[in-house]
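The primary structure of each chain is shown beneath.
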Amino acid sequence: MLSGSDTGIGHALAKHLDSLGFVVFAGVLNKDGPGAEELRRSCSQRLSVLQLDITNTSQVKEAYLTVSGKVQNAGLWGVVNNAGILGFPADGELLPMSTYRHCMEVNFFGAVEVSKTFLPLLRKSQGRLVNMSSMAGGIPLPRYAAYGASKAALSMFSGVMRQELSKWGIKVMAIHPSGFRTGIEGTAEQWDKQEKELMENLPADTRQAYGEEYLLGLRNYLLHLPSHCAPDLSPVLGSVLHALLARRPQGLYTPGKGAYVPLCIFCCFPLWFYDFF
């Protein structure tokens with residue numbers, strides 16, 4: 001069972017797992033949207049599309065009942081918490097509190113609720129819980145205070161659950177991809193709305209401290225973000241597959257070119273050196 005299958009990594013993963021013969025329960029934010037329709041059209045009859053807004057408790061419970069009814073006593077082998085949002089990338093001081101709350105609601109609380117709800121099915125099969133965090137959840141990256149904090153919370157949750165659930169044979173893994181082109185960046189309309197909210201909530205002295213040129217440059221940074229991201233998602237799909245199938249999966253995966261380098265610098269060098277880097 002995986003969440004966030006409408007677009008990006010979740011969409012590609014649902015197709016990939018289906019092509020390998022898995023029975024896939026693909027949770028989507030909109031069961032009537034183009035992503036869901038594409039999954040129904042291109043995948044086998046083994047794949048089930050589930051309406052799953054992970055911030056909606058009733059939808060999470062409904063998805064659990066549907067999956068439970070289909071797997072019955074066999075249990076569920078894997079849950080992949082993939083659904084997530086980026087928010088508007090900007091300095092932490094500039095971001096409105098609504099961005100922090102929304103990131104935590106989706107990237108952390110939603111994933112925790114899905115995990116807790118589906119754990120009885122994983123316990124039956126001694127299965128796998130895979131949480132899609134981010135490189136920004138392991139190391140501090142400028143302009144990702146809200147997103148990074150929510151992903152860091154998810155990574156810590158993964159680590160604690162890995163320890164606590166081992167007594168039942170359940171294995172828990174966190175994935176920390178580097179920059180991939182996933183569609184999480186959102187649409188121009190979403191950017192406009194978030195940028196408008198950001199600008200309207202800025203105190204005059206904060207606006208003056210940063211300067212209009214810098215503030216206008218935030219949109220330019222966001223527009224160029226996809227060009228710095230890898231279009232090939234296969235390293236991430238390979239990591240998730242290894243997490244699901246390997247006899248001894250890694251607790252942490254860092255797919256993507258050079259994803260481990262900043263993490264090594266952050267862990268092994270003085271903080272001033274990492275900040276300079």
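Residues numbered from 1 in each chain as written. Predicted model: local features only at pLDDT ≥ 70, side-chain atom pairs only at ≥ 80, totals over all residues. Heavy atoms only, no water.

The name given to the protein in an unreviewed UniProt entry is DHB2 dehydrogenase, with the source organism recorded as Loxia curvirostra. Reading the Sequence similarities (unreviewed entry) entry of the UniProt record for the protein gives the comment "Belongs to the short-chain dehydrogenases/reductases (SDR) family." (UniProt positions renumbered as here; feature names shortened; annotations may be inferred.)

Colleague: I would appreciate a short explanation of the overall build of the protein in the present structure.
Modeller: Summing up its helical and strand segments, the protein has 11 helices and 6 strands in all. Relative to the compact-globule value of 19 Å for 277 residues, the protein shows a C-alpha radius of gyration of 19 Å, a close match. Taken along its principal axes, the extent of the C-alpha atoms in the protein is 60 × 45 × 30 Å. Across the 277 residues of the protein, 48% fall into the buried class. Counting only carbon and sulfur atoms, one obtains 57% of the accessible surface of the protein, whose full area is about 13,800 Å². (Helix = DSSP H or I, 4+ residues; strand = E, 2+ residues; numbered from the N terminus. Rg over C-alpha atoms; globule rule 2.2 N^0.38 Å. Buried < 20%, exposed > 50% of the residue type's maximum accessible area, 1.4 Å probe, protein only. Areas by Shrake-Rupley, 256 points an atom, 1.4 Å probe, with all protein chains shown as cover.)

Colleague: It is not clear to me how the pairing of strand 5 (residues 171–175) should be interpreted in this structure. Could you clarify?
Modeller: Side-chain positions along a regular strand alternate between the two faces of the sheet. Summarising burial for strand 5: 4 of the 5 residues are buried, a large majority. As defined by bridge partners, strand 4 (residues 128–132) adjoins strand 5 across 5 bridges and the pair is classed as parallel. From the neighbouring strand, Met-132 faces strand 5, where its bridge partner is Ile-175. With helix 5 (residues 145–164) bridging strand 4 and the parallel strand 5, this β-α-β connection has right-handed handedness. Where strand 5 and strand 6 (residues 252–253) come together, 2 bridges link them in parallel fashion. (Pairing = 2+ DSSP bridges. Right-handed = clockwise from strand over helix to strand, strands pointing away.)

Colleague: Whenever I open this one, helix 9 (residues 234–245) confuses me. Can you help?
Modeller: One turn of an α-helix holds 3.6 residues; hence residues three or four places apart share an orientation. The end-to-end C-alpha separation of helix 9 is 16 Å, in line with the 16 Å expected for 12 residues at 1.5 Å each. The elements touched by buried residues of helix 9 are helix 1 (8–19), strand 3 (78–81), strand 4, strand 5 and strand 6. (Expected span 1.5 Å × (residues − 1). Contact = heavy atoms within 4.5 Å.)

Colleague: How do you make sense of the state of the cysteines when you look at a structure like this?
Modeller: What is meant by a disulfide is a covalent connection between two cysteines, made through their sulfur atoms. Under the criterion given, the structure shown has 0 disulfides. For the unlinked cysteine Cys-264, the closest cysteine sulfur is that of Cys-268, found at 5.6 Å. (Disulfide = S-S within 2.5 Å.)

Colleague: Looking at this structure, how should I read the nonpolar core?
Modeller: Soluble, globular proteins show a tendency: their nonpolar side chains are buried together. One finds Met-1, Val-67, Leu-76, Val-79 and Phe-118 to be the most contacted residues of the largest nonpolar core, which totals 28 residues. For this core, the secondary structure elements donating two or more residues are helix 3 (57–71), helix 4 (97–125) and helix 5. Broken down by element, this core gets its largest block of residues, 9 residues, from helix 4. Not counting chain neighbours up to four residues away, the residues in contact with Met-1 comprise Phe-25, Leu-50, Leu-52, Val-67, Leu-76, Gly-78, Val-79, Val-80, Val-114 and Phe-118. Core analysis: the next-biggest nonpolar cluster, separate from the first, contains 26 residues, Leu-39, Leu-47, Met-173 and Leu-241 among them. (Core = buried A, V, L, I, M, F, W, Y, C linked by side-chain atoms within 4.5 Å.)

Colleague: Looking at this structure, I do not really get the pattern of salt bridges. What am I missing?
Modeller: Any two side chains of opposite charge can pair if their charged atoms end up close together. Scanning the entire structure with this criterion turns up 6 salt bridges. With a closest N to O distance of 3.7 Å, Lys-31 and Asp-32 form a salt bridge. Between Glu-38 and Arg-41 there is a salt bridge, with the nearest N and O atoms lying 2.4 Å from each other. Remark: Arg-41 and Glu-38 occur in helix 2 (residues 34–42); sequence separation between them is 3 residues, near one turn of the helix. Salt bridges here are not isolated pairs; linked through shared partners, they connect Lys-15, Glu-38 and Arg-41. (Salt bridge = Lys/Arg side-chain N within 4 Å of Asp/Glu carboxyl O.)

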